[in-house]
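Residue-level structural notes
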Amino acid sequence: MKSPSPTYRGRLAPSPTGRLHVGHAHTFWIAAQRAAEHEGQLILRNEDLDPQRCRVEFAAAMLEDLRWLGIAWCEGPDCGGPFGPYSQSERRAHYLAAWKSLLERGLIYPCTCSRKDVAQAASAPNDSDDEPIYPGKCRSRSDAGNFQEPVGVNWRFRVPDGEAISFSDQHLGPQRYVAGHDFGDFVVWRRDDVPAYQFAVVADDYAMKISEVVRGADLLKSTARQLLLYRALGFHSPHFYHCALVGDEAGVRLAKRHDALSICRLRQNGYTPEQVRARTLQIG
Ligand SMILES: [Zn+2]
């Protein structure tokens, strides 16, 4: 048992792109337990940045699913709090301020390469969930200062090639990635004017004073990128706790299309919250 920490602030950060499934239940239940163990606070942030993929009805459903599971939060889009708004679609001013900060420090540059250009020029990505390493075509552009707003191009963060990024995960132990080798210059703001996931969460976790981030192990490498962003922005970084991913019976990673394992469907089929939580906890 960890000693109580009055400053522990954890977060649940679901994205309303579909119904939550047992994999989400697993991660969010652990996040809730970590906050409870530390006698800390748990906040809920609605990660609804991508207008192409997010739906209002899924946002309402995910809150309902989380409540049904027995997870409670003290700040969120439904109940407010001192660090709102708690929906990412309403936090553009925070992201723009962070974008300007990186721009002024010369750490990002505009990139007009297409996805196809990057895929063709880059070596194959190391793992399936990852973006190819950016080959650097736009790195030497000198027109970043001409932009008042991020609109119209991709903005990439210039990573320090060859630098090892190490951190100690609270669950998985020591981690190490090499910038420029394990990942390249990554997008912080998309040409369709949507801040990139790993940029938005850094701005939000800092602004919301999150002390520990609990999420799935598929984001381990993204954490290395985020640590570079914390440093670049002059932000103190939180601790990280990455949970094992939940697979289906065949060991295939769950996605929101696994309707049979959605919390909603399990509830309709008569499972109790305790059973759904126990099912997720057996997996690891
Ligand atoms: Zn480019």
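Residues numbered from 1 in each chain as written. Predicted model: local features only at pLDDT ≥ 70, side-chain atom pairs only at ≥ 80, totals over all residues. Heavy atoms only, no water.

Let's shift gears to the coordination of the zinc ion. Those donors, C111 (SG), C113 (SG), Y134 (OH) and C138 (SG), are the protein atoms that reach the zinc ion, and they lie 2.1 to 2.3 Å from it. Geometry at the zinc ion is tetrahedral, judged from the four donor atoms that bind it and their angles of 96 to 121° at the metal. The sequence motif formed by the donor residues of the zinc ion is C-x1-C-x20-Y-x3-C. Residue C111 is found in strand β3 (residues 108-111), and its partner Y134 is found in the loop between α4 (115-121) and β4 (154-157); the two are separated by 23 residues along the sequence. In this structure, C111 and Y134 share a single accessibility class: buried. (Donors = N, O, S within 2.8 Å, 3.2 Å for Na, K, Ca; no water. Tetrahedral: all angles 85-135°; square planar, octahedral: opposite > 155°, others 65-115°. Helix = DSSP H or I, 4+ residues; strand = E, 2+ residues; numbered from the N terminus. Buried < 20%, exposed > 50% of the residue type's maximum accessible area, 1.4 Å probe, protein only.)

Now for unusual backbone geometry. The phi torsion of most residues other than glycine is negative, and most of the peptide bonds are trans. Omega for the peptide link from G84 to P85 comes to -5°, which places this bond in the cis form. Within the secondary structure, P85 is located in the loop between α2 (56-69) and α3 (92-104). A positive phi angle, near 70°, is found at D193, a position not held by glycine. Mapped onto the fold, D193 is located in the loop between β7 (186-189) and α5 (197-207). A positive phi angle, close to 55°, is found at K209, a residue other than glycine.

With antiparallel pairing, three strands are arranged side by side in an open sheet as β3-β4-β7. Looking at which strands have only one partner, the edges of the open sheet turn out to be β3 and β7. The sheet shows a mean angle of 45° between the axes of neighbouring strands, direction not considered. Sheet topology note: the β4/β7 ladder contains three bridges and is antiparallel. (Pairing = 2+ DSSP bridges. Axes fitted to C-alpha atoms, helices over the stretch in contact; angles between N-to-C directions.)

Now for the pattern of salt bridges. Opposite charge on two side chains makes pairing possible when the charged atoms of those side chains draw close. If you walk through the whole model with that rule in mind, you get 18 salt bridges. R34 is the partner of E212 in a salt bridge, and the nearest nitrogen-oxygen pair spans 2.8 Å. With E212 in strand β8 (residues 212-216) and R34 in helix α1 (residues 22-37), this pair connects stretches of sequence that are 178 residues apart. Between R267 and E64 there is a salt bridge; the shortest N-O distance is 3.5 Å. (Salt bridge = Lys/Arg side-chain N within 4 Å of Asp/Glu carboxyl O.)

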